[in-house]
Amino acid sequence: MALSTRSNFAKPDDAFRAVVEAHRGLSEAQSADLDAALVLVLANHIGDIDVLHEAIALAKRRVLDSSQQQQQQQQ
Amino acid sequence: MAQAKTQFGYRRHPDQDRSGASVAEHPVVIVGAGPVGLSLAIDLAQRGQRVVLLDDADRIGEGSRAICFSKRSLEFWDRLGVGDRMVDKGVVWSVGKIFHGASQLYQFNLLPEEGHKRPAFINLQQFYAEAYLVDRTAQLPEVDLRWRNKVTALEQRNDRVALTIATPDGPYQMHASFVVACDGARSSLRQMVGAEFAGQVFEDQFLIADVKMTAEFPTERWFWFDPPFHAGRSALLHKQPDDIWRIDLQLNPDADPAVEKQPANVRPRIERMLGHDKFDFEWISLYKFQCRRMAKFLHGRVIFAGDSAHQVSPFGARGANSGLEDAENLSWKLDRVLRGASPERLLESYHIERSAAADENIRESTRSTDFMAPVTKQEARLRQAVLSLAKETEFGKRMVNGGRLSVPSVYDTPLSTEDRDEWRGGPRPGASMPDAPMADRNGGSTFLTDAFIKQGTRFALLEFGNGAAADVPEGVGAIRVGGDGGLVDPEGLAAKRYDAVSGTSYLLRPDGYVAARFRKASRPALDAALARASGLN
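Residues numbered from 1 in each chain as written. Chains lettered and ligands numbered in written order. Predicted model: local features only at pLDDT ≥ 70, side-chain atom pairs only at ≥ 80, totals over all residues.

1. Considerations on the overall build of chain B
Then, number 1: Along chain B, the regular secondary structure elements total 14 helices and 29 strands.
Then, number 2: The C-alpha atoms of chain B give 24 Å as radius of gyration, which agrees with the globular expectation for 537 residues (24 Å, within 12%).
Then, number 3: Projected onto its principal axes, the C-alpha positions of chain B cover 65 × 65 × 45 Å.
Then, number 4: Counting all 537 residues of chain B, 47% fall into the buried class. (Helix = DSSP H or I, 4+ residues; strand = E, 2+ residues; numbered from the N terminus. Rg over C-alpha atoms; globule rule 2.2 N^0.38 Å. Buried ≥ 20, exposed ≤ 12 C-beta atoms within 10 Å, placed from the backbone.)

What follows is the structure in structure tokens.
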């Protein structure tokens, strides 16, 4: 596992807050634009394709899990 | 508009009078006299093979089609004796510029260093390349080029292929030990062997217009995303010989090809781009493209090369160039098999090496195409983010994909001998030989690629240093750099590019790829590497 999932920030709330506040006042489309740029900037900073793949897999599991839950609720 | 540049006469061949038990038997029949078939025929002929080359047409030169020929292709053509003619006529270039809207995002140089015989690329209309290759075949009695000979049926037997060929004088039969299908993307031989040709179809349409005009633009590849003259789409401008300019405009997926192709409708688009109307059309073509390849390039005794075996999008100049790489890869192997010097399984390495190269070319050109024509809203958003980040960051510039231009693949192949020594650079086994400037004994300047040609385009040992010459196996050429009688490495570039010290040697294949390398070659190690690269173990 190349991806670090330990808590890396001394103050995790600051990091979460920074991202949240970046989106304040933006339309949905602007928020999506911001996320797209932010992902690319951070991916380049990490600069490790294995870490990126693992990060994508970890993030994507949430999307798939929640869509499965929705399907189950509908059944 | 473009006329056929060269017309060739059909001539009846004595083979057409033979039938039944007396039909003609040939070692190799190549189908398709395009750049790939012609180059393969010349290479085989130079190796001493008699070659029959068939083409169903009697002319070349409708439209420019392929225009960018890579350094690797030029080095191959040097070996075939046509490199100078191509480069003398072609437009040499190495710089590309990418624009977004009205402003330049960045520029790249595909060959930023000196000391290579050939440039990164030349632009040359395909019909010139074909005409020069046809001229070269005329100097080689081993090449028997037959126009208006169309293969209509083939039957695979144990040790040969039986071909039925239609001509203006009616059909005839011919047998070949091997048939090489260089008959293009719509290959009829591919259908005859029943092979599938599946892949990805792109919906976006592109308009190619080759226009004649005198202009002072530099000889660079210019690519625009969302230019002011063609909002929301991409555009390309690139110079060819004879004051011809290639213009490539992305159209909407739902554009009507019949309407868009009409010069009256193309003209205003080009006027918007150039800002004037002083140009004439040389060629207009509208295309959609596919990225696909055959699962197997070998079907019994029928071998596929070039577009018949694989197709890519045009962004990256990976079509004709990869076909030429197929030809240089196949030629020496087929020659050895025909001479009985290697077993037929050597040909499997052609499939292994060139199908992996096709996968790489498809991957690269698909990525370029997806970047130019994003499929989903989110893809478009990510692309927009890259384009806007490119304005102020280096990483953004490098992520902008306006076509990644053809470079030779590095083969992971059973023909390579794994490195056992320590290397900090240089081409690894499976990579093509880098060029370097050299001086001969008399102080005359030459290149390493020339030295490779001089020793016969066969297996060769490239040796560096002052020690005693290595004990080279029979039939293997020797290129010595340094020492008594060796070539001089005036700027030390060869040593640098090959990570060479005294005693270093590289075993080069007949196609100029590295088979093995040694810090100090022993005869048994050389013999083993040579046997492996020849498919003998």
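2. Structural notes on the nonpolar core
All names here are of chain B.
Then, number 1: Counting 76 residues, the largest nonpolar core has Val 179 and Val 180 as the members making the most contacts within it.
Then, number 2: Here Val 179 is in contact with Val 29, Val 31, Leu 154, Val 161, Leu 163, Arg 301 and Val 302, once residues within four sequence places are set aside.
Then, number 3: Listed in part, the 33 residues of the second largest apolar core include Ala 451, Leu 462, Phe 464 and Ile 479. (Core = buried A, V, L, I, M, F, W, Y, C linked by C-beta atoms within 7 Å. Contact = placed C-beta atoms within 7 Å.)

3. Concerning the sheet that holds strand S5 (residues 68-70) of chain B
Residues and elements named next belong to chain B.
Then, number 1: The 3 strands are arranged S5-S9-S6 in an open sheet whose pairing can be described as antiparallel. The open sheet has two free edges, formed respectively by S5 and strand S6 (91-93), since each of these has just one partner strand. The sheet shows a mean angle of 30 degrees between the axes of neighbouring strands, taken without regard to direction.
Then, number 2: With 3 bridges joining them, S5 and strand S9 (residues 121-123) adopt antiparallel strand pairing. The residue bridging Ser 70 from the neighbouring strand is Phe 121, located in S9.
Then, number 3: Along the sheet, helix H2 (residues 71-79) makes contact with S5 and S9, crossing S5 at roughly 70 degrees. (Pairing = 2+ DSSP bridges. Axes fitted to C-alpha atoms, helices over the stretch in contact; angles between N-to-C directions.)

4. A word on the pairing of strand S11 (residues 150-156) of chain B
Residue and element names in this part refer to chain B.
Then, number 1: Bridge count for S11 against strand S12 (residues 161-166) is 6 bridges, and the pairing is antiparallel. Each bridged residue has a counterpart across the sheet, and for Glu 155 the counterpart in S12 is Ala 162.
Then, number 2: Linking two consecutive strands that pair antiparallel, namely S11 and S12, is a turn of 4 residues.

5. Side note on helix H1 (residues 12-23) of chain A
Residue and element names in this part refer to chain A.
Then, number 1: Under the 1.5 Å per step criterion, the end-to-end length of H1 is 18 Å for 12 residues, consistent within 8% with the ideal 16 Å.
Then, number 2: Across the 12 residues that make up H1, only a small minority, 0, are buried.
Then, number 3: Count one or two residues on from H1 and you reach Gly 25, which has phi positive near 80 degrees. (Expected span 1.5 Å × (residues − 1).)

6. Things to note about the pairing of strand S2 (residues 24-31) of chain B
All names here are of chain B.
Then, number 1: Summarising the sheet, S2 and strand S13 (residues 172-181) pair through 7 bridges and their orientation is parallel. Each bridged residue has a counterpart across the sheet, and for Val 28 the counterpart in S13 is Phe 178.
Then, number 2: Bridge count between S2 and strand S3 (residues 51-55): 4 bridges; the pairing is parallel. Across the sheet, residue Val 31 finds its bridge partner in S3, namely Leu 54.

7. What to know about the interface of chain A and chain B
Then, number 1: Contact with chain A, which involves 7 residues of that partner, is made by 6 residues of chain B.
Then, number 2: Taken together, the residues of the side of chain A that touches chain B break down into 5 nonpolar, 1 polar and 1 charged. (Nonpolar A, V, L, I, M, F, W, Y, C, P; charged D, E, K, R; others polar.)

8. Here's the deal with the packing of helix H2 (residues 28-46) of chain A against helix H10 (residues 377-390) of chain B
Then, number 1: Packing of H2 of chain A against H10 of chain B leaves a shortest axis separation of 9 Å and a crossing angle of 65 degrees. For the crossing formed where H2 of chain A meets H10 of chain B, the hand is right-handed. Along its contact with H2 of chain A, which presents Ala 32, Asp 33, Ala 36, Ala 37, Leu 40 and Val 41 of chain A, the element H10 of chain B presents Arg 381, Leu 382, Ala 385, Val 386 and Leu 389 of chain B. (Left-handed = near helix turned anticlockwise from the far one by under 90°.)

9. Some remarks on the domain arrangement of chain B
Residues and elements named next belong to chain B.
Then, number 1: Each assigned domain of chain B is listed with its residue range as follows: domain 1 (24-92 + 110-197 + 295-341), domain 2 (199-290) and domain 3 (437-533).
Then, number 2: For domain 1 and domain 3, the distance between their C-alpha centroids amounts to 29 Å.
Then, number 3: Taken together, the contacts link 8 residues of domain 1 with 11 residues of domain 3.
Then, number 4: Looking at side-chain class alone, the side of domain 1 that touches domain 3 contains 1 nonpolar, 2 polar and 5 charged residues. (Domains from an automatic or database assignment.)

10. Some remarks on the environment of Phe 99 of chain B
Residue and element names in this part refer to chain B.
Then, number 1: Residue placement: Phe 99 occurs in strand S7 (residues 95-100).
Then, number 2: By the C-beta count within 10 Å, which is 21 here, Phe 99 ends up buried.
Then, number 3: As a C-alpha pair, Phe 99 and Ile 208 span 109 residues in sequence and 19 Å in three-dimensional space.
Then, number 4: Those residues in contact with Phe 99 that lie beyond four places of it in its chain are Gln 104, Leu 105, Trp 222, Trp 224 and Pro 227.

11. Points about H2 of chain A
Then, number 1: If you check H2 of chain A, its first and last C-alpha atoms are 27 Å apart, about what 19 residues at 1.5 Å a residue would give, namely 27 Å.
Then, number 2: Backbone geometry just downstream of H2 of chain A places Gly 47 of chain A in the positive-phi region, at approximately 60 degrees.

12. Observations concerning unusual backbone geometry
All names here are of chain B.
Then, number 1: Positive phi values are uncommon outside glycine, yet Asp 242 reaches one of about 65 degrees.
Then, number 2: Mapping Asp 242 onto the fold places it in the loop between strand S17 (234-240) and strand S18 (244-251).
Then, number 3: Owing to 12 C-beta atoms within 10 Å, Asp 242 belongs among the exposed residues under this scheme.
Then, number 4: Non-glycine residue Asp 243 carries a positive phi angle of around 60 degrees.
Then, number 5: Mapping Asp 243 onto the fold places it in the loop between S17 and S18.

13. With respect to the packing of helix H1 (residues 35-46) of chain B against helix H8 (residues 320-338) of chain B
All names here are of chain B.
Then, number 1: With their axes 9 Å apart at the nearest point, H1 and H8 run at an angle of 30 degrees to one another. Classified by the angle their axes make, H1 and H8 are roughly parallel. The chirality of how H1 crosses H8 is right-handed. Together, Pro 35, Val 36, Ser 39, Leu 40, Asp 43 and Leu 44 of H1 and Ala 320, Gly 323, Leu 324, Asp 326, Ala 327, Glu 328, Leu 330, Ser 331, Leu 334 and Asp 335 of H8 make up the contact between the two elements.
Then, number 2: The class makeup of the residues in the contact of H1 with H8 is 9 nonpolar, 3 polar and 4 charged. (Parallel < 35°, antiparallel > 145°, perpendicular 65-115°, else oblique.)

14. Brief notes about the sheet that holds strand S29 (residues 514-518) of chain B
Strand pairing within a sheet occurs via backbone hydrogen bonds; the two strands may be parallel or antiparallel.
Residues and elements named next belong to chain B.
Then, number 1: In spatial order, the strands read S27-S26-S28-S29; together these 4 strands make up an open sheet with mixed pairing. Edge strands, defined here as strands with exactly one partner in the open sheet, are strand S27 (477-481) and S29. Each strand of the sheet is rotated relative to its neighbour by a mean of 15 degrees, with strand direction disregarded.
Then, number 2: Inspection of the sheet shows strand S26 (residues 460-464) paired to strand S28 (residues 505-508) by 4 bridges, in the antiparallel sense. Residue pairing in the sheet places Ala 460 in a bridge with Leu 508 of S28.
Then, number 3: Strands S28 and S29 of the sheet are contacted by helix H14 (residues 523-533), whose axis makes an angle of about 165 degrees with S29.

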